[in-house]
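This is what each chain is made of:
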Amino acid sequence: MSIPSATQDPALLRRLLRAKDRLDAASHEAWSVARLAQVSGVSMAHFARSFKQAFGIPPHRYLLTRRIERAMTLLRETDLSITDIAFSTGWTSLGTFGRTFRDITGDSPGAIRARGKATAQELGRVPACVVSAARRPDLKTAVSEKRRRAMDGTNGPEQQEIP
């Protein structure tokens, strides 16, 4: 995430941080822009524009990042079924969870679980906060845009492989 813009009003930044904290604490809940704007005490349009300016991504993408991050942790650290993980992280459809998960991470939930179990021993001495930050999904591009680029065979600069 980017550092909040210094040009924004400090009181507005505090309100935006309040909404961001609510997203972090309850990412499994349904969070519409209207609900987040209400938490922040500003209009929906002002909230959406200000949140993106302050944190570098729109509120919905931030929410998706938190949900996928939590799902990845549960896949690696628990034996819950993928269905249970999908519903406990806020998804209402297993199909949508699986498609979005694959679009963001590049792997299926089952593949992440298998790889997580295999590497669990190697990361045992690394602090959990460092591991979590390193594995945080990158959602600078909208999921639908990634899907469109994949179908068109075009890659944006963030998708090019480094030799």
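Starting from 1, residues in each chain are numbered consecutively following that chain's sequence as written. Where local features are concerned, this predicted model is filtered to residues with pLDDT of at least 70; where side-chain atom pairs are given and counted, the filter is 80 or more; whole-chain, interface and lining totals use all residues. Side-chain figures throughout are based on the complete set of non-hydrogen atoms in the structure, without hydrogens or water.

Undergrad: Break down the nonpolar core for me, with residues and values.
TA: We call a set of buried residues a nonpolar core when its members are Ala, Val, Leu, Ile, Met, Phe, Trp, Tyr or Cys and they connect through side-chain atoms within 4.5 Å of each other. Here's how the labels work: a residue is buried when its accessible area is under 20% of the maximum for its type, exposed when over 50%, partly exposed in between, all with a 1.4 Å probe on protein chains only. Among the nonpolar cores identified, the biggest contains 18 residues, and Leu16, Leu23, Trp31, Leu36, Phe47 and Phe51 are the most heavily contacted of them. For helices the rule is a DSSP run of H or I covering at least 4 residues; for strands it is a run of E covering at least 2, with both sets numbered from the N terminus onward. Mapped by element, the contributors of at least two residues to this core are helix H1 (10–25), helix H2 (33–40), helix H3 (44–55) and helix H4 (59–77). We call two residues in contact whenever any of their non-hydrogen atoms come within 4.5 Å of each other. Apart from the residues within four sequence positions on either side, Phe47 is in contact with Leu16, Ala19, Val33, Leu36, Ala37, Ser40, Val42 and Pro59. Counting 13 residues, the second-largest nonpolar core is a separate cluster that includes Leu64, Ala71, Met72 and Trp91.

Undergrad: Would you mind going over the environment of Lys52 in detail, with residue names and values included?
TA: Along the chain, Lys52 turns up in helix H3. Judged by relative accessible area, which is 47%, Lys52 ranks as partly exposed. Residues Lys52 and Tyr62, ten residues apart in the sequence, show an inter-C-alpha distance of 9.5 Å. Not counting the four nearest positions on each side in its chain, Lys52 is found in contact with Ile57 and Pro58.

Such coordinate-based values are descriptive only and should not be taken to indicate function.
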